[in-house]
Amino acid sequence: MRIDKFISCTGTASRREAAALAKKGGVTVNGETVRDLSRHIDPETDRVVYGGETIVYRKYTYVMLNKPEGYVSATDDRSAPFVMELLPPEFSKAGMFPCGRLDKDTVGLMIITNDGPLAHMLLHPKRHVSKTYRFSCESALIPEAERKFEAGIDLGDFVSAGARLVCGENRMGGEVTISEGKYHQIKRMFTALGNRITYLERISFGGVDLDPGLARGEWRLCTDDEIATLKANFEAK
Ligand code: URA
């Protein structure tokens, strides 16, 4: 693999940033300063140091994205830009894709990875991986809303599994946790109660919380703890 590809695929820096640092002598391979990043390395055995830090090779890459409004997360939806456009192109080339979907107008936490087995597990309906959303709605929720969410709501083609609803004081906002991921699920649950979602933000997925330091549209690599938390959803079941 080319050195600049390795550096960008691991999320360390863009190819352009890497080229600039290499020119200044900031990139070494097995102790040797390398200025031409088109050279090839074996990522599993060669030691690449970037700006003084060894790049740890991982088979898979995991990214946390704070999705902004107006981006789609489904490849077959051409109505707006695809969320992968917010990330370096090397990530798409490395086979990374969004783990699950958010509507175009939903914002917040998305995990992007090329770990297919983990993504498959996190999205499998039988795994009941929990997702928490912050919401606002058009009118005050009815007093029985918490109980109805807990009991399951008949949405015509299916009855939702028990969900946890925590309302704020005016009952026009709060947090909702579901363990399913059907199309427009939360919006449909609110519609079934005669209400309408006006704002939806995913703040937690599979035990991993959206980093409050990430602005909308920003991304960062997941930490080792976050990756372990995602994997724990699998190991526990
Ligand atoms: N439920 C919805 O209705 N929309 C989303 O984007 C996610 C969950």
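First, a word on scope: everything that follows refers to the structure included in this document. As the structure is a computational prediction, the values presented were derived from the model and not from experiment.

In terms of regular secondary structure, the protein chain is built from seven helices and 13 strands. Once the C-alpha set of the protein chain is aligned to its principal axes, its extents read approximately 70 × 35 × 35 Å. Split into buried and exposed, the 237 residues of the protein chain put 46% on the buried side. For the protein chain, restricting intrachain contacts to residue pairs at least 6 apart in sequence, the fraction spanning at least 24 positions comes to 66%. When the accessible area of the protein chain is evaluated, it comes to approximately 12300 Å², of which 50% is carbon and sulfur surface. Charge-centre separation for the protein chain: the mean point of 33 positive side chains lies 3 Å from the mean point of 33 negative side chains.

Our focus in this paragraph is the nonpolar core. Grouped together as the largest cluster of nonpolar side chains are 33 residues, with contacts concentrated most on Phe135, Leu141, Phe149, Leu165 and Phe190. For this core, the secondary structure elements donating two or more residues are strand S5 (62-67), strand S7 (107-113), strand S8 (131-137), helix H5 (145-151), strand S9 (164-167), strand S10 (173-178), helix H6 (185-192) and strand S11 (197-205). For this core, the two domains that each supply at least three residues are domain 2 (62-125 + 217-224) and domain 3 (130-205). Once residues lying within four places of it in the same chain are set aside, the contact partners of Phe190 are Phe135, Cys137, Leu141, Phe149, Leu165, Asn195 and Ile197. Of all hydrophobic cores here, the second largest spans 17 residues; its members include Leu109, Leu118, Leu214 and Cys222.

Definitions and cut-offs
Residues numbered from 1 in each chain as written. Predicted model: local features only at pLDDT ≥ 70, side-chain atom pairs only at ≥ 80, totals over all residues. Heavy atoms only, no water. Helix = DSSP H or I, 4+ residues; strand = E, 2+ residues; numbered from the N terminus. Buried < 20%, exposed > 50% of the residue type's maximum accessible area, 1.4 Å probe, protein only. Contact = heavy atoms within 4.5 Å. Areas by Shrake-Rupley, 256 points an atom, 1.4 Å probe, with all protein chains shown as cover. Lys, Arg positive; Asp, Glu negative; His and termini not counted. Charge placed at Lys NZ, Arg CZ, Asp CG, Glu CD. Core = buried A, V, L, I, M, F, W, Y, C linked by side-chain atoms within 4.5 Å. Domains from an automatic or database assignment.

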